[in-house]
Amino acid sequence: MTSLSQKNLMKLAKQSDAKGDTKTAIQNLEEALRDSQPTEIVIELCDLYLKSKQEDQAYTLIKEEPDLFSDERIFAEYSKILQANHFLIEALELEHLRGEKLSVKVKPADLKTQQEIMRAFKTKKQVSQADYEQLLKLDLVNFKTFAQSMLLDPSQNFAVRLSLCEDLVRLGVKDKIKVWIIGNQEEFVPAATSLLEKETIYQEIVSSMGSKYHNRPSQLPLVLGEVNLVLGSLYPKLSKYVDEPDSFASDLSSYLENHDGRGHQKLFKAIYANLPQ
């Protein structure tokens, strides 16, 4: 629900925008969102961000919305923002997952810009979320080709490798994709693969860890962070490396606490040896 002060700030924003002072209008709406985020204010602010060529700001704001897919107004705004950012890859993922076309046409960046994005990405020593989002501007052919080249790089950042794999899954890619996992070259078909958190093995191990640490709740967030690192390193081939989730969880707990991974000692050492320092 919109408070009285928020309504006043919205009114001031409309007045400033009508005078051509978009900057002040944005400041008013940003102030209005400090206490809560009513849908109408979020949409108005996103529109102003787009109007002032701040597509990245609009994208960050709309992605915070809990009703991103269930509220038609928010989803329509989200689609417009993808269009403004040239985030074709994310648009294609949505179309695949929803089984229907978006209401707007999203085009990738021009070919020259795509080449610059790929070249710049490869030179990054530390990849930020904003850096990764630039890859969403590629066309499908370039994204698949670039992702494959990055997944075959043994030195590739763990988080980047996981994100690329999951984006290929969301796209429903039916090609066989090669990926480097802890010193081994593996193959997977994204269309036949689940996202990490939807993998049954992942869910069973997380549940098992939750049971083991239910009397030590303060340690659980740290432990689950390690679970994500370990299983993310084995994704998308969890079933090859994890034969019995409960045993794996028990050995991982022992490894984290005593550096004794028992039957999985060699595997855990290999995983942590391949993680970025």
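Residues numbered from 1 in each chain as written. Predicted model: local features only at pLDDT ≥ 70, side-chain atom pairs only at ≥ 80, totals over all residues. Heavy atoms only, no water.

(A) Region of the structure containing the packing of aromatic side chains. Counted according to the given criterion, the structure contains nine aromatic pairs. The ring of phenylalanine 75 has arginine 98 lying over it, and the distance from NZ or CZ to the ring centre is 3.9 Å. (Phe/Tyr/Trp six-rings, centres within 6.5 Å; stacked < 30°, edge-to-face > 60°. Lys NZ or Arg CZ within 6 Å of the ring centre and 35° of its normal.)

(B) Spotlight on the environment of phenylalanine 69. With respect to the element layout, phenylalanine 69 can be found in the loop between α4 (55-62) and α5 (72-85). With relative accessibility at 49%, the residue phenylalanine 69 sits in the partly exposed group. A C-alpha to C-alpha distance of 9.7 Å links phenylalanine 69 and arginine 98, two positions 29 residues apart in sequence. Residues in contact with phenylalanine 69, not counting those within four places in the same chain, are Phe75, Tyr78, Leu94 and Arg98. (Helix = DSSP H or I, 4+ residues; strand = E, 2+ residues; numbered from the N terminus. Buried < 20%, exposed > 50% of the residue type's maximum accessible area, 1.4 Å probe, protein only. Contact = heavy atoms within 4.5 Å.)

(C) Fine view of the packing of helix α3 (residues 39-51) against α4. Two elements in contact, α3 and α4, have axes separated by 7 Å at closest approach and are oriented at 160 degrees. On the basis of the axis angle, α3 is roughly antiparallel to α4. The two elements α3 and α4 meet at a crossing, and its hand is left-handed. Taken together, the residues of α4 that come into contact with α3 (itself represented by Val42, Leu45, Cys46, Tyr49 and Leu50) are Glu55, Gln57, Ala58, Leu61 and Ile62. (Axes fitted to C-alpha atoms, helices over the stretch in contact; angles between N-to-C directions. Parallel < 35°, antiparallel > 145°, perpendicular 65-115°, else oblique. Left-handed = near helix turned anticlockwise from the far one by under 90°.)

(D) Just the nonpolar core, in detail. Membership of the largest hydrophobic core comes to 81 residues, with the highest contact counts inside it found for Leu234 and Phe248. Ignoring sequence-local partners within four residues, the contact set of leucine 234 consists of Arg161, Ile181, Ile182, Tyr241, Val242, Phe248, Leu267 and Ile271. (Core = buried A, V, L, I, M, F, W, Y, C linked by side-chain atoms within 4.5 Å.)

(E) Region of interest: the pattern of salt bridges. Counted by the stated rule, this structure contains 17 salt bridges. In this structure, glutamate 95 and lysine 101 form a salt bridge, with 3.7 Å as the shortest nitrogen-oxygen distance. Among the residues examined, glutamate 95 registers a relative accessible area of 16% and is labelled buried. A salt bridge links glutamate 187 to lysine 178, with the shortest nitrogen-to-oxygen separation between them at 3.7 Å. (Salt bridge = Lys/Arg side-chain N within 4 Å of Asp/Glu carboxyl O.)

(F) Focus on the layout of surface pockets. For the largest pocket, the calculated volume is near 510 Å³. Surrounding the largest pocket, 24 residues form its lining, Lys63, Glu93, Glu166, Asp167 and Arg170 being those nearest its centre. Mapped by element, the contributors of at least two residues to the lining of the largest pocket are α6 (88-98), α8 (129-134) and α10 (158-171). Considering every element that reaches the lining of the largest pocket, the biggest residue donor is α10, with five residues. Residue composition of the lining of the largest pocket, by class: twelve nonpolar, three polar and nine charged. (1 Å grid on protein atoms, 1.4 Å probe; cavity = no way out; pocket = protein on both sides within 12 Å on 5 of 7 lines; lining within 4 Å. Points joined across faces, edges and corners; volume = space filled by probe spheres on them. Nonpolar A, V, L, I, M, F, W, Y, C, P; charged D, E, K, R; others polar.)

(G) Representation of the pairing of strand β1 (residues 177-181) in the model. Burial along β1 is one-sided: the face carrying Ile177, Val179 and Ile181 is buried and the face carrying Lys178 and Trp180 is not. Note: β1 against strand β2 (residues 184-188), five bridges, orientation antiparallel. Across the sheet, the residue bridging to tryptophan 180 is glutamine 185, located in β2. Between β1 and β2, which pair antiparallel in sequence order, lie two residues; one of them, isoleucine 182, sits at a positive phi of approximately 35 degrees. (Pairing = 2+ DSSP bridges.)

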